[in-house]
Number of protein chains: 2
Amino acid sequence: MDNEDQESLLLQGVPDNYGGVKVNLTEPMTIEDFVPKLRASLVYWSNQGTKGIWLKLADGLDNLIAPAKAEGFVCHHAEREYTMLTSWIADVPSTLPANASHRIGVGAFVLNKKTKEVLVVQEIDGHFKGTGVWKLPTGVVKEGENIWEGALREVEEETGIKTKFVEVLAFRESHQAFLEIKTDIFFLCELEPTTFEIKKQDSEILAAKWMPIEEYVNQPWNQKKELFRFMANLCLKRLQEMEYMGFSKVLTTTSSGKESYLYCNTDHANLLNATRGLASTSG
Amino acid sequence: MDNEDQESLLLQGVPDNYGGVKVNLTEPMTIEDFVPKLRASLVYWSNQGTKGIWLKLADGLDNLIAPAKAEGFVCHHAEREYTMLTSWIADVPSTLPANASHRIGVGAFVLNKKTKEVLVVQEIDGHFKGTGVWKLPTGVVKEGENIWEGALREVEEETGIKTKFVEVLAFRESHQAFLEIKTDIFFLCELEPTTFEIKKQDSEILAAKWMPIEEYVNQPWNQKKELFRFMANLCLKRLQEMEYMGFSKVLTTTSSGKESYLYCNTDHANLLNATRGLASTSG
């Protein structure tokens, strides 16, 4: 049997970072064609010392999921466009990364320092429906979006107000918060408004307005619920004393050269930003 | 046709929080049995004004994925134990929550204040393999685990050192960091050691030791890579001046009564903790 014949009997994979291979199937295939190829490939990979197999089945190849599981694969995760199965065939514990476990929520404390008013909304649906509670604009960070960008986007979408990011004031974690098992980390961000005329979003927002900060903080809901009282208290402290110090952002790069934001103590962030500025202008 | 007959022709669902229903199938079913029931149910739900359908298929019911997609369902997410499909049948934009988009990484700055030494490791595999770089212990927070707990666990697993959580010093976001599309948020945490004798983990850790902090910071890798230089610099600032202020943790509850941690400016966190202490002892 020559190489070409052998290749036609095997699934083609590329190396991954965990001593394994990734197989990406996108063309329709019958079970009768798939199963012998998968079995032969598993023997081949095992002989090669391959540790783990990723099997990515495009939407439309769902007929191959059950047969792959019958050969020892398990579902790792799935998106609208594909299902990812894995099989760890090495004799050592699996080092494959787990599925995504969190989503990132943002809340925006948009403070008009001149009037000491804060931007608040009432939502049409959701947790606060019908309560009359005025809340900070909130939302979920999109896949691939930075936290500070998500906060700016949500405020502009909901209220039409344009803002600049100031800092992260605090964050909290809430487990089993969505999809039954996943965790929500919520970042409370201070933003500085650069426009003041409200144009509310009609589909999600019942009402939006600028509200005196004491009135916002003193709402019974914020006083009764500890987490809300803490956060409201923190916003008030920020306004009253300007001593509260959050995490500002510094643009940097990861070791592989990708753009990345570091969030740290505001004084330190300003120092790092100044250092970056010097570095880029002195070159 | 009486109610019992009608029920046997429909899939049974329970209301969700988005004006829809959740169907949870766990018993094996043939395609021939499933498709007429799904079609009849979709007509029934549509007449009821149901907005969206969640269809959870347990592992083993993979034969029903393709037929469900043929009726308009798409894959929302999947875990080892199930595949979740959804169909949004209302005439308004979908309000279903997106799939999980992030994972949470932790790095531990474990500082022995008496000796001014920091706990460092070399890993057997991974990004730093063969570089000789001494790095902070790092790891991934498990599903349902708190950030501060993940940091403590990773340090003890890798080095045997027991610690107390002090504060979050900084965090950074890195997109397309794993599973091709997902984001990694990495929290740099300061921990205080309560034991000092190192017992390293043999499967992942090549070497572990206490290293003078200047020696750690001055490694060429930390100086050349901006993100690492920033973080090392920040650890040094923390030791030298003790002025750097991070986010400490306060135990609180969400509005639904679940335990939840709020991370905020250390001074404020201490104040909140004191307030909680008073509240619980004065009752």
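Cut-offs and rules
- Residues numbered from 1 in each chain as written.
- Chains lettered and ligands numbered in written order.
- Predicted model: local features only at pLDDT ≥ 70, side-chain atom pairs only at ≥ 80, totals over all residues.
- Heavy atoms only, no water.
- UniProt positions renumbered as here; feature names shortened; annotations may be inferred.
- Phe/Tyr/Trp six-rings, centres within 6.5 Å; stacked < 30°, edge-to-face > 60°.
- Helix = DSSP H or I, 4+ residues; strand = E, 2+ residues; numbered from the N terminus.
- Buried < 20%, exposed > 50% of the residue type's maximum accessible area, 1.4 Å probe, protein only.
- Lys NZ or Arg CZ within 6 Å of the ring centre and 35° of its normal.
- Least-squares fit on C-alpha atoms with pLDDT ≥ 70 in both.
- Contact = heavy atoms within 4.5 Å.
- Buried area = accessible area lost by both parts, 1.4 Å probe.
- Salt bridge = Lys/Arg side-chain N within 4 Å of Asp/Glu carboxyl O.
- Polar contact = N/O pair within 3.5 Å; in protein donor to acceptor, adjacent residues only side chain to side chain.
- Disulfide = S-S within 2.5 Å.
- Pairing = 2+ DSSP bridges.
- Axes fitted to C-alpha atoms, helices over the stretch in contact; angles between N-to-C directions.

Identification of chain A as Nudix hydrolase from Arabidopsis thaliana is taken from an unreviewed UniProt entry. According to the UniProt record, the Function (unreviewed entry) comment for chain A is "Mediates the hydrolysis of some nucleoside diphosphate derivatives, possibly using both NADH and ADP-ribose as substrates."

1. Describing the packing of aromatic side chains
Applying the stated criterion across every chain yields a total of 18 aromatic pairs over all chains. A ring pair is formed by F171(A) and F187(B), whose centres lie 5.2 Å apart and whose planes are at 40°; its orientation type is tilted. With one member in each of two chains, F171(A) in strand 9 (residues 163-178) and F187(B) in strand 10 (residues 182-193) form a pair that bridges those chains. Take F187(B): its relative accessible area is 0%, and that puts it in the buried class. Grouped by ring-pair contacts, the aromatic residues F165(A), F171(A), F187(A), F247(A), Y263(A), F165(B), F171(B), F187(B), F247(B) and Y263(B) constitute a single cluster. Over the aromatic face of Y82(A) sits the side chain of K56(A), whose NZ or CZ is 4.6 Å from the ring centroid. The ring of W148(B) carries K249(B) above its face, with NZ or CZ at 4.4 Å from the centroid.

2. A word on the relation of the copies chain A and chain B
With an RMSD of 0.1 Å, the fit of chain A onto chain B corresponds to turning through 180° and sliding 0.0 Å along the axis. Taken together, the rotation and translation describe the operation of a two-fold axis. In this assembly, 100% of the residues forming the interface of chain A have copies in chain B that are likewise at the interface, indicating an isologous arrangement.

3. With respect to the interface of chain A and chain B
Of the residues lining the interface, 79 residues belong to chain A; the matching set on chain B comes to 80 residues. When chain A packs against chain B, the two sides together hide about 7,100 Å² of surface, and 57% of this comes from carbon and sulfur. On the chain A side of the contact with chain B, F171(A), E173(A) and F230(A) bury the most area, a combined 10% of that side's loss. Summed over the shared surface of chain A and chain B, the result is ten salt bridges. Across the pair D59(B) and K69(A) runs a salt bridge, and its minimum N-O distance is 2.7 Å. One can count 41 residue pairs in polar contact (both at pLDDT 80 or more) joining chain A with chain B. Ranked by residue count, the leading element in the side of chain A that touches chain B is strand 9 of chain A, at eleven residues.

4. Regarding the state of the cysteines
Residue and element names in this part refer to chain A. Here the structure, examined in full by the defined rule, presents zero disulfides over all chains. Unpaired in this structure, C189 has its nearest cysteine sulfur neighbour in C235, at a distance of 11 Å. In this structure C189 comes out as buried when scored by relative accessible area, which is 0%.

5. A few points about the sheet that holds strand 5 (residues 82-88) of chain A
Residues and elements named next belong to chain A. As summarised here, the arrangement of the five strands in space is 1-2-3-5-4, forming an open sheet in which the pairing is mixed. Across the chains shown, the open sheet's two edge strands, defined by having one partner strand only, are strand 1 (13-15) and strand 4 (74-79). Averaged over all pairs of adjacent strands, the angle between strand axes in this sheet comes to 25°, irrespective of strand direction. Direction of pairing for strand 4 relative to strand 5: antiparallel, over a ladder of five bridges. Directly across from E79, in strand 5, lies its bridge partner Y82.

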